[in-house]
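Chain by chain, the residues:
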Amino acid sequence: MTKSEEPRIYLSPPDIGEEERRYVGEAFETNWIAPLGPNVDGFEAEFSRLCEGAHCAALSSGTAALHLALRLAGVGPGDEVVVSTLTFVASAAPVVQLGARPVFVDSEERSWNLDPALVAQVLEEKAGAGRLPRAVVAVHLYGQCADLDPLVEICDRYGVALIEDAAEALGATYRGRPPGIFGQSGIFSFNGNKIITTSGGGMLVSRDAELIAHARKLATQARDRAPHYQHSELGYNYRMSNVLAGIGRGQLANLPAKVARRREIFETYRERLGQLPGVEWMPEAPWGEATRWLTCLTIDPEEAGVSREDVRVEMEARNIEARPVWKPMHLQPVFAEAECVGGGVSERLFERGLCLPSGSSLTTEEQERVIRCFQDVFSR
Ligand SMILES: *Cc1c(COP(=O)(O)O)cnc(C)c1O
């Protein structure tokens, strides 16, 4: 068998069990195929329990959830919004789509997340100039919470809304508590590659009942309470379907096992590859437990004698999907004009960072193939 004929190992594919079928089957049997219904209600209620009873709205995607979060924070034309620069584009795109400007802020080394000291500096300067940002979007990257205590304190001090992008962090903790409930609102994603999936979907979470009630209205075309179709504001078609919420309920029931498996995969990589020169692992900050959504590491090419790209290209040749760490937003052509504060930390993580296959369904044999490939690149 030539190398390329080996079956592909994906970065983070869906991991589906039997319970999902039961809930989806119920939707078919009861003809709850149309949007909303008992699975949506059940999924929201079960999700709320994970979020200390916070209010939840199930939506069509994490990006839709963030769009609503920003709009409900009052973000509009001419506003500025602070966003982590080291993230996926969906953390920033809705800012621009609302007519606002992102102000990108660099990461801190110890968590790879938004640096609270830089955020404090930005808000102080902007307050001095009389134009505070409307919101701060803090991303919990690769399933590790940003340092929320200082971020909450800074945002409260200036009266700026804190929005948590917890798309990758379902099941993580910050000082023993779940992410998503520290700021004004938080968002989660159930895209196919996330910790749990509904094939596509998202959740908006907030301790503010009125905010979530308004989000539900905006997500269903903003209909007023009237028997006829009447609208006093414009909304979107952003609700999750009752069929897909059934997948979510089955997935959610197995969340602890999925997170435990991802953490175990990370530990196996670290044990087996940790002695190689120039290899360092994404640190776990002392304030919580990360989901290790993806196993991330950096390779120092001087010390290692090989680069991140050497490893990634060899993996691709052996039909293994590995990816560079997110390319920072301030380096993206589409954001060439955007302001960025700092940037050196995220740039170095992008140059040297690699994400390895980490799905909770990854088998021991598959992980062995990834490890062997990694070792082969270092020993040639
Ligand atoms: C996946 C992801 C999103 C977007 O979620 P979708 O459900 O795919 O729209 C937003 N932010 C981050 C950090 C993500 O990883």
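Everything that follows concerns the structure shown earlier in this document.
Residues numbered from 1 in each chain as written. Predicted model: local features only at pLDDT ≥ 70, side-chain atom pairs only at ≥ 80, totals over all residues. Heavy atoms only, no water.

K.L.:
Account for the site of the ligand, with residues named and values stated.
P.N.:
Inspection of the region around the ligand gives 15 residues, with Gly62, Thr63, Glu168, Ser189 and Lys194 positioned closest. Between the ligand and Glu168, the relevant distance is 2.6 Å, taken from an oxygen atom to a side-chain nitrogen or oxygen of the residue. Lys194 has a polar side-chain atom sitting 3.2 Å from an oxygen atom of the ligand. Here the ligand, which alone exposes 380 Å², has 92% of that area covered by the protein. Looking at the shell around the ligand residue by residue, the classes come out as 4 nonpolar, 8 polar and 3 charged. (Near = heavy atom within 4 Å. Polar contact = N/O pair within 3.5 Å; in protein donor to acceptor, adjacent residues only side chain to side chain. Areas by Shrake-Rupley, 256 points an atom, 1.4 Å probe, with all protein chains shown as cover. Nonpolar A, V, L, I, M, F, W, Y, C, P; charged D, E, K, R; others polar.)

K.L.:
A description of the packing of aromatic side chains should follow, citing residues and the corresponding values.
P.N.:
Under the counting rule described, the total for this entry stands at 13 aromatic pairs. Relative to Phe47, the ring of Phe43 lies with its centre 6.1 Å away and its plane at 75°, an arrangement referred to as edge-to-face. Taken together, the residues span about one helical turn, with Phe43 and Phe47 both in helix α2 (residues 38–50) at a distance of 4 residues. Phe47 shares its class with Phe43; the two are buried. Here the aromatic rings of Tyr236 and Tyr238 are separated by 4.9 Å at their centres, their planes lie at 10°, and the arrangement is stacked. For Arg22, the ring lying beneath its charged end belongs to Tyr23, and the centroid distance is 4.7 Å. Sitting over the ring of Phe350, Arg308 keeps its end group 5.9 Å from the ring centre. (Phe/Tyr/Trp six-rings, centres within 6.5 Å; stacked < 30°, edge-to-face > 60°. Helix = DSSP H or I, 4+ residues; strand = E, 2+ residues; numbered from the N terminus. Buried < 20%, exposed > 50% of the residue type's maximum accessible area, 1.4 Å probe, protein only. Lys NZ or Arg CZ within 6 Å of the ring centre and 35° of its normal.)

K.L.:
Tell me about the environment of Val137, residues and numbers included.
P.N.:
With respect to the helices and strands, Val137 occurs in strand β4 (residues 135–139). Taking the C-alpha atoms as reference, Val137 lies 21 Å from Met282; in sequence the two are 145 residues apart. The contacts of Val137, once residues within four sequence positions are left out, are Leu66, Leu70, Val81, Val82, Val83, Ser84, Ser91, Leu114, Ile163 and Asp165. (Contact = heavy atoms within 4.5 Å.)

K.L.:
Go over the sheet that holds β4, please, and point to the residues and values.
P.N.:
Strand pairs in the sheet, formed through backbone hydrogen bonds, run parallel or antiparallel to each other. Strand order in the open sheet made by the 8 strands is β1-β7-β6-β5-β4-β2-β3-β11, with mixed pairing throughout. The outermost strands of the open sheet, each flanked by one partner alone, are β1 (55–59) and β11 (339–341). Neighbour-to-neighbour, the strand axes of this sheet turn through a mean angle of 20°, independent of strand direction. Here β1 runs beside strand β7 (residues 202–206); their pairing, made up of 5 bridges, is antiparallel. Across the sheet, Cys56 pairs through a bridge with Val205, a residue of β7. On the sheet, helix α7 (residues 209–219) packs against β1, β6 (185–189) and β7 and is oriented at approximately 15° with respect to β1. (Pairing = 2+ DSSP bridges. Axes fitted to C-alpha atoms, helices over the stretch in contact; angles between N-to-C directions.)

K.L.:
Account for the sheet that holds strand β12 (residues 353–356), with residues named and values stated.
P.N.:
Taken together, the 4 strands give an open sheet; going across it, the order is β8-β9-β12-β10, and neighbouring strands pair in antiparallel fashion. Lying at the two open borders of the sheet, with one neighbouring strand each, are β8 (279–281) and β10 (323–324). Judged from the 4 bridges that link them, strand β9 (residues 295–299) and β12 form a sheet pairing that is antiparallel. Considered in β12, the bridge of Leu297 is made with Leu354. Packing against the sheet, helix α9 (residues 255–273) makes contact with β8, β9 and β12, and its axis sits at approximately 155° to β8.

K.L.:
Before we move on, could you go through the pattern of salt bridges and cite the residues and values that matter?
P.N.:
A full pass over the atoms with the stated rule returns 34 salt bridges. For Glu233, the salt bridge identified is with Arg71, shortest N-O distance 3.6 Å. With Glu233 in the loop between α7 and α8 (242–253) and Arg71 in helix α3 (residues 62–72), this residue pair connects regions lying 162 residues apart in the sequence. With relative accessibility at 25%, the residue Arg71 sits in the partly exposed group. Residue Arg380 is joined to Glu314 by a salt bridge in which the shortest nitrogen-to-oxygen separation is 3.4 Å. In this pair, Arg380 is assigned in the segment after α13 (364–379) and Glu314 in helix α11 (residues 308–317), connecting sequence segments 66 residues apart. One network of salt bridges, in which partners are shared, links Glu80, Arg101, Lys126, Arg131 and Glu339. (Salt bridge = Lys/Arg side-chain N within 4 Å of Asp/Glu carboxyl O.)

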